[in-house]
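# Analysis of the macromolecular model
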Amino acid sequence: MKSIKLLLSLALLLTMVACQPVSEPEVALPAEPIAQRMSAVPPQCSLTMGFDAWEPYQYMTVGNTVTGLDVELVRAVAAEMQCELNIVQGSWVELLGLLREGEIDFVLGASVTEDRQAFAYFSEPYRQEQFSLYVRADDVGLPVNSIEEFIAAGYKLGIVNEYYYGDELATLYASAEYRPQFVGAIISEMNMARLLDEEIDGLLEDSFVAASILRRKGLDDLIKPHQITLGNNDVYVMFSKASVEEQLVAEFNRGLAAIKQNGLYQQIMQRYQD
């Protein structure tokens, strides 16, 4: 009888032990990595960028991702500034209007002009560009050596509205004699269509942009670069005075200097030059 009671007591004890929660030894968790802690820092500012499709500097992929040389550079600078970016797409003319009104904060790939300085701040230059004359393939050998000679010979030149091509072209455009030879368009693709339709005789475009458009549209056998090129121009990020404080432009310049110093700028540039 005692043995039966003993067995019952042992069974009850085992049941009570089994119902107790298991106590695990405390484990020291590793400290959170510094990079992870920094990535968790909330953005210090929010900026709206105007985006004008201009491959390879600014364009949208098939997955609707905005990318390109200029976009990658600015995103890297924004990360240094701990700023988040919002993106608004439009034509260059539309974006300039939005920038003037302060509805967007900045645009990429801009040149400094006296008119723009009235409503915009400019970053330090972040790259250079060079525009070339493009003509129909049969006209590659046209015997002209400058844009002025091209226009003086009676040829019509396609340009994109509100683009700045440098002082030389600005002077020609302002001339009452030559002004009728210029034909404006909202995008470069329109000038290429006009060139093939013989409504114009040549167009100006950045060499990398033109090569990208012609390759993408299969027009590189029909439209060719002429020997005429314009001088290299510095390119800037243009900020709206209506929505951005000048101090933020200084912070952008410090971020640009930082990615040049740590090598990220050169890595991005190299990917698009290869």
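Note: the structure precedes this text.
Definitions and limits used
- Residues numbered from 1 in each chain as written.
- Predicted model: local features only at pLDDT ≥ 70, side-chain atom pairs only at ≥ 80, totals over all residues.
- Heavy atoms only, no water.
- Pairing = 2+ DSSP bridges.
- Helix = DSSP H or I, 4+ residues; strand = E, 2+ residues; numbered from the N terminus.
- Axes fitted to C-alpha atoms, helices over the stretch in contact; angles between N-to-C directions.
- Contact = heavy atoms within 4.5 Å.
- Disulfide = S-S within 2.5 Å.
- Buried < 20%, exposed > 50% of the residue type's maximum accessible area, 1.4 Å probe, protein only.
- Salt bridge = Lys/Arg side-chain N within 4 Å of Asp/Glu carboxyl O.

### Observations regarding the sheet that holds strand E8 (residues 131-136)
Pairing is mixed across the open sheet formed by 5 strands, whose spatial order is E10-E9-E11-E8-E12. With partners counted over all chains shown, the strands left at the sheet margins are strand E10 (182-185) and strand E12 (223-229), one partner each. Across the sheet, the mean angle from the axis of one strand to that of its neighbour is 40°, orientation sign disregarded. Examined bridge by bridge, strand E9 (residues 157-160) and strand E11 (residues 202-206) share 2 bridges and lie parallel to one another. By the bridge assignment for E11, Gly158 is matched with Leu203. Across the face of the sheet, helix H9 (residues 207-217) comes into contact with E8, E11 and E12 while running at roughly 110° to E11.

### Considerations on the state of the cysteines
Scanning all chains against the criterion turns up 1 disulfide. Two residues, Cys45 and Cys83, share a disulfide whose sulfurs are 1.5 Å apart. Because the torsion about its S-S bond is 90°, the bridge between Cys45 and Cys83 counts as right-handed. Residue Cys45 is found in strand E1 (residues 45-51), and its partner Cys83 is found in strand E4 (residues 83-89); the two are separated by 38 residues along the sequence. For Cys83, a relative accessible area of 10% translates into the label buried.

### Considering the pattern of salt bridges
Using the criterion set out here, one finds 6 salt bridges in the structure. When the shortest N-O distance is used, the salt bridge between Glu55 and Arg216 registers 2.7 Å. Separated by 161 residues along the polypeptide, Glu55 in the loop between E1 and strand E2 (59-60) and Arg216 in helix H9 bring together distant segments of the chain. Residue classification places Glu55 among the partly exposed residues on the basis of a relative accessible area of 23%. A relative accessible area of 45% places Arg216 in the partly exposed class. Glu189 is the partner of Arg216 in a salt bridge, and the nearest nitrogen-oxygen pair spans 3.4 Å. Of the two residues, Arg216 is situated in helix H9 and Glu189 in helix H8 (residues 188-196); the sequence distance between them amounts to 27 residues. Taken together, the shared-partner salt bridges connect Glu55, Glu189 and Arg216 into one network.

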